[in-house]
Amino acid sequence: MSDSSSVGKLILLVLHKGSIGAAALMLLFIGINLWQHITPDHQLVIEGNDRSFLGVMVVLLLFALYLVWSIGKELKKGS
């Protein structure tokens, strides 16, 4: 990326910050969903569709973290 323009670097920087924000929001949604399923006697009960939702959210979180890592690596290579 050493030959790219400053606009390209700006776009990558915005995508990097946006991916960090997306990963943080997914962590928040996972935490809220888990918190909603804690019973009064402090047991975690997750059934059916909630498992699917959490599975999809974890996969999306992993993709967002991979995107953050790869864009960060590209930004470091360009400087």
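Quick caveat, the model's predicted, so the values are computed rather than measured. (Residues numbered from 1 in each chain as written. Predicted model: local features only at pLDDT ≥ 70, side-chain atom pairs only at ≥ 80, totals over all residues. Heavy atoms only, no water.)

### Quick notes on the environment of leucine 61
Note the following rule: Every helix listed is a DSSP run of H or I at least four residues long, and every strand listed is a run of E at least two residues long, numbered separately from the N terminus. Exposed residues in this analysis have more than 50% of their type's maximum accessible area, buried residues have under 20%, and partly exposed residues fall in between, with area computed by a 1.4 Å probe over protein chains only. Residue contacts are defined here by distance: any two heavy atoms, one from each residue, within 4.5 Å place the two residues in contact.
The residue leucine 61 is located in helix α2 (residues 48-78) in this model. Residue leucine 61 is classed as buried on the basis of its relative accessible area of 11%. In the structure, leucine 61 is positioned 47 residues away from valine 14 in sequence and 18 Å away in space, judged by C-alpha atoms. In this structure leucine 61 touches Ala23, Met26, Leu27 and Ile30, once residues within four positions along its chain are discounted.

### A closer look at the packing of aromatic side chains
Using the following cut-off: Only centres within 6.5 Å qualify two rings of Phe, Tyr or Trp (six-membered ring in Trp) as a pair; their planes then separate them into stacked at under 30 degrees, edge-to-face at over 60, and tilted for everything else.
This model, assessed by the stated rule, comprises 1 aromatic pair. Between tyrosine 66 and tryptophan 69 the ring centres are 5.7 Å apart and the planes differ by 35°, which places this aromatic pair in the tilted class. You can see tyrosine 66 and its partner tryptophan 69 sitting in helix α2, 3 residues apart, about one turn around the helix. By relative accessible area, which is 49% here, tryptophan 69 ends up partly exposed.

### Things to note about the packing of helix α1 (residues 6-36) against α2
As a reminder of what qualifies: To define axes, lines are fitted to C-alpha atoms, for helices over the stretch in contact only, and angles between the resulting N-to-C directions are given on a 0 to 180 degree scale. Orientation labels follow simple angle bins: below 35 degrees gives roughly parallel, above 145 gives roughly antiparallel, 65 to 115 gives roughly perpendicular, and whatever is left gives oblique. By definition, turning the near helix anticlockwise from the far helix through less than a right angle yields a left-handed crossing, and turning it clockwise yields a right-handed one.
As a packed pair, α1 and α2 sit with axes 9 Å apart at the nearest point and diverge in direction by 155°. The pairing of α1 with α2 is recorded here as roughly antiparallel in orientation. Taken as a pair, α1 and α2 cross one another with a handedness that is left-handed.

### A few points about α1
Rules: What a helix is expected to span follows from its residue count: subtract one and scale by 1.5 Å.
An ideal rise of 1.5 Å per residue puts 45 Å on 31 residues; α1 measures up with 45 Å between its terminal C-alpha atoms. When we look at burial in α1, the residues that qualify are Leu12, His16, Ser19, Ala23, Met26, Ile30 and Asn33. Here the buried face of α1 lies against α2.

### Side note on the environment of valine 14
With respect to the helices and strands, valine 14 occurs in helix α1. Overall, the relative accessible area of 54% leaves valine 14 in the exposed class. Along the primary structure valine 14 and valine 56 are separated by 42 residues, whereas in three dimensions their C-alpha atoms are 25 Å apart.

### Things to note about the nonpolar core
Most often, soluble globular proteins keep nonpolar side chains buried together rather than apart. Applicable threshold: For our purposes a nonpolar core is just a set of buried Ala, Val, Leu, Ile, Met, Phe, Trp, Tyr and Cys residues, chained together by side-chain atoms within 4.5 Å.
Membership of the largest hydrophobic core is limited to 8 residues, which are Ala23, Met26, Ile30, Ile46, Leu54, Met57, Leu61 and Ala64. When contributions to this core are tallied by element, the ones reaching two or more residues are α1 and α2. For this core, the element with the highest residue contribution is α2, accounting for 4 residues. Excluding residues that lie within four positions of it along the chain, leucine 54 makes contacts with Ile30, Asn33, Leu34 and Ile46.

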